[in-house]
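These are the residues of each chain, in order.
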Amino acid sequence: MRSEPGADPVAVVDCGTNTTRLLIDDGTGLGQRLLRITGLGRGVDAGGRLRDDAIGRVVDVLGEYRQIIEDRQATAVRAVATSAARDAANGAEFLQRASDALGTDVELLDGDTEAAYGFAGATTGLAEVAGRGTPSDPGAPTTPAPAAGPAALVLDIGGGSTEFAYGTPSAGGRPDAAVSVDMGSVRWTERFLASDPPRPEELSSAISVARLHLDDIDRDHPVIGRGAAAARLVGVAGTVTTVAAVEIGLDPYEPEVIDGFVLTRAAAEDVFRTLATERLADRIHNPGLHVDRAPVIVGGCCILVAVMRHWNIDECIVRERDLLDGIAAELREAQASPAAELREAQASPAAELREGTDAAR
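Remember, predicted model here, so these are calculated numbers, not experimental data.

Draft legend 1. Just the sheet that holds strand β7 (residues 162-167), in detail. Spatially, the six strands line up as an open sheet ordered β8-β7-β6-β9-β11-β10, and their pairing is mixed. Two strands lie at the open edges of the sheet, namely β8 (177-181) and β10 (262-264), each paired on one side alone. Adjacent strand axes in the sheet meet at a mean angle of 25 degrees when their direction is disregarded. The pairing of strand β6 (residues 152-157) with strand β9 (residues 232-236) spans five bridges and is classified as parallel. The partner of D156 across the bridge, within β9, is V236.

Draft legend 2. Highlighting helix α2 (residues 52-71). Along its 20 residues, α2 runs 29 Å from first to last C-alpha, staying within 8% of the 28 Å computed at 1.5 Å per residue. Of the residues making up α2, those classed as buried are A54, I55, G56, V58, V59, V61, L62, Y65, I68 and I69. At its buried positions, α2 is contacted by β1 (10-15), β2 (19-25), β3 (32-37), β4 (76-81) and α4 (91-102). The first or second residue beyond α2 is Q73, which carries a positive phi of 55 degrees.

Draft legend 3. View of the side chain of N286. In this fold, N286 is placed in the loop between α13 (280-283) and α14 (294-310). At 2.8 Å, the side chain of N286 and the side chain of E278 are in polar contact. Apart from residues lying up to four places away in sequence, N286 is in contact with T274, L275 and E278.

Draft legend 4. Representation of the sheet that holds β3. What the five strands build is an open sheet, ordered β3-β2-β1-β4-β5; its pairing is mixed. Of all the strands in the sheet, the pair left with one neighbour each is β3 and β5 (106-108). When strand polarity is set aside, the average angle formed by the axes of neighbouring strands in this sheet is 20 degrees. Bridging between β1 and β4 involves six bridges; their strand directions are parallel. Note on β4: the bridge partner recorded for V13 is A79. Across the sheet, α2 is in contact with β1, β2, β3 and β4; its angle to β2 comes to roughly 10 degrees. In this fold α4 packs onto β1, β4 and β5, with an angle of close to 150 degrees to the strand it touches most, β5.

Draft legend 5. Up close: the nonpolar core. By size, the foremost hydrophobic cluster in this structure holds 54 residues, and its most contacted members are L153, F164, I224, L263, F272, L304 and W311. Considering each element in turn, this core owes the most residues, eleven residues, to α14. Filtering out sequence-adjacent residues up to four positions away, L153 remains in contact with F164, A165, Y166, I224, A228, A231, R232, L233, V234 and W311. Membership of the second largest hydrophobic core comes to 29 residues, among which are L22, L50, V58 and A84.

Draft legend 6. View of the packing of aromatic side chains. Applying the stated rule across the entire model yields two aromatic pairs. Ring centres of F164 and W311 lie 6.0 Å apart, and the angle between their planes is 85 degrees; on these two criteria the pair is classed as edge-to-face. Of this pair, F164 sits in strand β7 while W311 sits in the loop between α14 and β11 (315-318), and the two are 147 residues apart along the sequence. The same class applies to F164 and to W311, which are both buried. For the pair W188 and F192, a centre-to-centre distance of 5.0 Å together with 70 degrees between the ring planes defines the contact as edge-to-face. Linking W188 with F192, this pair stays in helix α7 (residues 185-192), spanning four residues, or about one helical turn. Exposure class is identical for W188 and F192. Each is buried.

Draft legend 7. Here's a closer look at helix α5 (residues 111-122). Over its twelve residues, α5 extends 16 Å from the first C-alpha to the last, a length consistent with the 16 Å expected when each residue adds 1.5 Å. For α5, the buried fraction is high: nine of the twelve residues fall into the buried class. Listed as buried for α5 are G111, E114, A115, Y117, G118, F119, A120, G121 and A122. For α5, the capping residue at the N-terminal end is D110, with a side-chain oxygen 3.2 Å from the backbone nitrogen of D112.

Analysis parameters
- Residues numbered from 1 in each chain as written.
- Predicted model: local features only at pLDDT ≥ 70, side-chain atom pairs only at ≥ 80, totals over all residues.
- Heavy atoms only, no water.
- Pairing = 2+ DSSP bridges.
- Helix = DSSP H or I, 4+ residues; strand = E, 2+ residues; numbered from the N terminus.
- Axes fitted to C-alpha atoms, helices over the stretch in contact; angles between N-to-C directions.
- Expected span 1.5 Å × (residues − 1).
- Buried < 20%, exposed > 50% of the residue type's maximum accessible area, 1.4 Å probe, protein only.
- Contact = heavy atoms within 4.5 Å.
- Polar contact = N/O pair within 3.5 Å; in protein donor to acceptor, adjacent residues only side chain to side chain.
- Core = buried A, V, L, I, M, F, W, Y, C linked by side-chain atoms within 4.5 Å.
- Phe/Tyr/Trp six-rings, centres within 6.5 Å; stacked < 30°, edge-to-face > 60°.

Right, here's the structure in full:
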């Protein structure tokens, strides 16, 4: 059950490997979205622990988000942590400090659940936005994808992990298969891309290892492997939205322009070649690329092009809706259910009274 648009807002916080994000959702539009690049997972792949300075950055941002949530009078709040906190030996310490700063429990989300929430969020309203723009003309209308037509493969390239979820978009928002893989923009940058700019052999290694993980998906999750090539690829999170923004030259960033943008494989490859061959000092000047995302964007691009090459996918529908929206929808449905039960309980005596009156006549 969905609550009516414009109802009391709910808040969702995601403590990711590279970013700490907040969504205030009142059921209308894309909601209020805030993002801070906090780098929680920097160094975790090699050292196995979250650094104190990284935890401190996230805690500071959560204090800021707590005030915003209180000011917006959110009636329900849920906060999650993902890949970096899953991998780190001191993840429990981080969760406690984060919970204290936010004033609500920050829970550790497992990878498959993260993928499922991402699918629910990314496929919400997909028919209304899919195909509305192209790289050559972002505002040009095209034929929207059918509401429940081809299956969707939702790709969420995070900082420490990448989630894949496959299924047919529906009101339930549940994928047929979901899996999380330990590859992400921060992890791949630290593991493979030591040079500035990355050397060709470093880029080749990053893409080759990513494709080995995709081979594993083909073998272990055949529902995804068999269906990926024919599915609509739906990309969410920072790597995909940034590549789209760079392709458009979108500065300042506008979520409404990105949501539903069609990123072709040729465009993704072109942006990848541009960013991968520039030194960081030059890369930061690309319109559409946030300066704090520039150090890890090439690692994310390696994963994106590996996916499109591996399954021979020509287009990716870019979405602003993702994990945050999937969780927000669940919060709103939970809010709506008690109200519906109350309305039903209040209506029943009146109905019985009317029935009794009618019988007396």
